[in-house]
There are 2 protein chains.
Amino acid sequence: MIREQLFEQILKKKSYLCVGLDTDPKKLPEHLLDNEDPVFEFNRQIIEATADLCVAYKPNIAFYEAQGPKGWVSLEKTLQVIPEEVFTIADAKRGDIGNTSELYARAFFETMNFDSITVAPYMGADSVKPFLVQDGKWVILLALTSNPGSQDFQVLTLADGNEEYLFEQVLKTSSTWATAGQMMYVVGATQADYVERVRALVPEHFLLVPGVGAQGGSLEEISRLGMNQQCGLLVNSTRGIIYASSGRDFAKKAREEALKLQQEMEKYLEQYVQHL
Amino acid sequence: MIREQLFEQILKKKSYLCVGLDTDPKKLPEHLLDNEDPVFEFNRQIIEATADLCVAYKPNIAFYEAQGPKGWVSLEKTLQVIPEEVFTIADAKRGDIGNTSELYARAFFETMNFDSITVAPYMGADSVKPFLVQDGKWVILLALTSNPGSQDFQVLTLADGNEEYLFEQVLKTSSTWATAGQMMYVVGATQADYVERVRALVPEHFLLVPGVGAQGGSLEEISRLGMNQQCGLLVNSTRGIIYASSGRDFAKKAREEALKLQQEMEKYLEQYVQHL
């Protein structure tokens, strides 16, 4: 999906919500367990209940991989029921050299037809570039993550005289590898203090923002500080939506939670995107 | 496998060779293609031909994952034919937060019974610690990789007044998370200039060393600079061994190449490990 299509969808749905599909077989509502593929059935109902309120779905690949071969089948079936206009993110955090990254790119972009994949930056250019295969297929690079461990290395100060942080160098260097039409960045909602520094370096790029809700990030703050004139944000929520209820009403409750976020997002879009 | 068992095996085989099982279905000898599972059959014959000459096998997970569900089956079957005394490395370069890393740990350590997994450091402590589940299960953390892109971020100088590199901070910080009995580091053979700095920070830890052979690293140099009194090295070779021949004699040729490396390693062990 190209950038313009993503923005069109944001305008149409008045939403920049991404729903995380971190579907844990141990957390499924009991009444689904009789299904042939309970993980897929759960995802299918979540998607049906939320697809008009969100612009992206983000399965965390670990949850599927941990199930062995049948997990991959659930994942492939899930992708097939996501409406075509919705952006898809393989949250895989891959990163390996040349030919290995090419294999991952083929697996996620071709075999499974994801629009994007999350990639770790530590190994540098030749671990990221193989994913930049064509317009409409995106790399979402880890820049400043939402977890406590982000403090260990990402905000180390570099000896360049400008008090620059490691994540800033990651943004600077990597933004020369691709345009804002092929690259996005992960920037946690818990990192509001740094968002202005992020936007100073990558004003145009979309940011994928985890950490709203359970992890304590504020949707208002990240929207105010992080939005650009093409919205430029995909804000993810997982647990608050997909595990809103563990009963028979799980899909209905998921929709209610997604709707709350969409309505708040509609407000910020009107407030911060000028030509709306 | 605990550290002492690994060292015993090194002494017994007079080898610190790790054979990379990056088995590409497109590079298999033609006569194997009739097999029900050609990837597994290739691995099985490579293992049979080299298991007395090497102390570790390292399948790069991407090659299996790219095949979809049947790739995982080939991988699981491969693990079952690796002799129990040989160390196994899931070269997966994972790294994600808390519960997701736990899922990966379960998949690789329990479901597949690998001894170790390679992990990327960018997300910090809470992305690595979930893999440190018990003695004998290892994290092999990316520190200084062998690819050109390692220059992009890993050797950035930090503003701490000591002209310290990012990879040094990664070593310092992460070595407080676990002992040398649960953590190893990836240090490329192409990085000989930095090996003394690595050893100054982590004298005891095993280093997993890719980059000998095709990538241009010298076995003599990395052995001289990197060995400690428990050997402390696992040196990987992949293409030079498993693709030594593309004909019917592929396993025989693989053994010949592995033997050459083992014989060279025997010499360095005698030279640099004092109590041998």
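Residues numbered from 1 in each chain as written. Chains lettered and ligands numbered in written order. Predicted model: local features only at pLDDT ≥ 70, side-chain atom pairs only at ≥ 80, totals over all residues. Heavy atoms only, no water.

S.K.: Please set out unusual backbone geometry residue by residue, giving values where relevant.
M.R.: Residues and elements named next belong to chain B. A positive phi is found at Asn113, a non-glycine position, where the angle reads about 60°. With respect to the helices and strands, the residue Asn113 is situated in the loop between helix 5 (98–111) and strand 4 (116–119). Among the residues examined, Asn113 registers a relative accessible area of 52% and is labelled exposed. Phi angles above zero are rare outside glycine, and Cys231 is one such case at about 75°. By secondary structure assignment, the location of Cys231 is in the loop between helix 10 (219–226) and strand 8 (233–237). Overall, the relative accessible area of 0% leaves Cys231 in the buried class. (Helix = DSSP H or I, 4+ residues; strand = E, 2+ residues; numbered from the N terminus. Buried < 20%, exposed > 50% of the residue type's maximum accessible area, 1.4 Å probe, protein only.)

S.K.: Explain helix 9 (residues 192–201) of chain B to me, using residue names and the numbers behind them.
M.R.: Residue and element names in this part refer to chain B. If you check which residues of helix 9 are buried, you get Ala192, Tyr194, Val195, Val198 and Arg199. Angularly, the buried residues of helix 9 cover 150° about the axis, an arc narrow enough to put them on a single face. Seen from the open side of helix 9, the exposed residues pointing more than 90 degrees away from its buried face are Asp193, Glu196 and Ala200. (Arc of directions from axis to C-beta.)

S.K.: Quick one: what's the story with the sheet that holds strand 7 (residues 206–209) of chain A, residue by residue and with numbers?
M.R.: Residues and elements named next belong to chain A. In space, the 8 strands of this closed barrel follow the order 1-2-3-4-5-6-7-8, with parallel pairing throughout. Between one strand and the next, the sheet's axes are offset by a mean angle of 30°, whatever the strand orientation. Note that strand 4 (residues 116–119) and strand 5 (residues 138–144) share 4 bridges and pair parallel. Opposite Ile117, over in strand 5, you have Val139 as the bridge partner. Packed onto the sheet, helix 8 (residues 166–174) meets strand 5 and strand 6 (183–187) and runs at close to 155° relative to strand 5. (Pairing = 2+ DSSP bridges. Axes fitted to C-alpha atoms, helices over the stretch in contact; angles between N-to-C directions. Contact = heavy atoms within 4.5 Å.)

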